[in-house]
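Secondary and tertiary structure notes
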Amino acid sequence: QVQLVESGGGLVQPGGSLRLSCTASGSFLSIAGMGWHRQAPGKQRELVAGIAIGGSTDYADSAKGRFTISLDSAKNTVYLQMSSLKPEDTAVYYCKALIHENWAKMNDYWGQGTQVTVSS
C-alpha cells in the first residue's frame, strides 16, 4: 500500500512564498513521476506542475515563472516552491504520484491535500 503525505500549506500574503512537500511511502517498486494539482472552491481540479523521474517537467501556464517543482528520488519526495503568490492561487493543493507497484502494475495515488490561502 502506498501513502502520500503532504506538508507546507498555510496562509501567506500576496507576493509571498511557500514550499509544499509530499513524500511517498509504502511498498512499491519505483516512482515514475510526481506532481501537484489544485482545486479552488467551485472549480475543477487542475494540474499545477509535474515531474518525471528522469527530470522532465511540465507546468500550467499560471505557474510558469513563479513555481518550481523538484524531485528528490532518494527520499521519494516532491517539492513545489511557490513564489509571487496571488490570491487566485488559493486552493487545496493535492500531491499525485504515478507508481510502479511491481513490474506489471502501475497506479496513481493522491495525497489528502493541503490548504494554501493567499490573502492580506
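Below is a short write-up of the structure. As the structure is a computational prediction, the values presented were derived from the model and not from experiment. (Residues numbered from 1 in each chain as written. Predicted model: local features only at pLDDT ≥ 70, side-chain atom pairs only at ≥ 80, totals over all residues. Heavy atoms only, no water.)

Here the focus is the environment of Gln 13. Looking at the element boundaries, Gln 13 is found in the loop between β2 (10-12) and β3 (18-26). C-alpha separation for the pair Gln 13 and Ser 84, spaced 71 residues apart in sequence, amounts to 9.5 Å. In contact with Gln 13, not counting residues within four places along its chain, are Val 118 and Ser 119. (Helix = DSSP H or I, 4+ residues; strand = E, 2+ residues; numbered from the N terminus. Contact = heavy atoms within 4.5 Å.)

Right, let's get into the pairing of β3. Two strands pair when backbone bridges link them, and strand β1 (residues 2-7) and β3 are joined in this way by 6 bridges, in the antiparallel orientation. For Val 2, the partnering residue across the bridge sits in β3 and is Gly 26. Pairing geometry for β3 and strand β8 (residues 77-82), over 6 bridges, is antiparallel. Counted as the bridge partner of Ser 21 is Tyr 79 from β8. (Pairing = 2+ DSSP bridges.)

Counting across every chain of the model gives 6 salt bridges. Note that Asp 89 and Arg 38 form a salt bridge whose closest N and O atoms lie 2.9 Å from each other. Linking Asp 89 in the loop between β8 and β9 (91-102) with Arg 38 in strand β4 (residues 30-39), this pair joins segments that are 51 residues apart in sequence. One salt bridge in this structure joins Asp 108 and Lys 96, with 3.4 Å as the shortest N-O distance. Note that Asp 108 is positioned in strand β10 (residues 105-110) and Lys 96 in strand β9, a separation of 12 residues in sequence. (Salt bridge = Lys/Arg side-chain N within 4 Å of Asp/Glu carboxyl O.)

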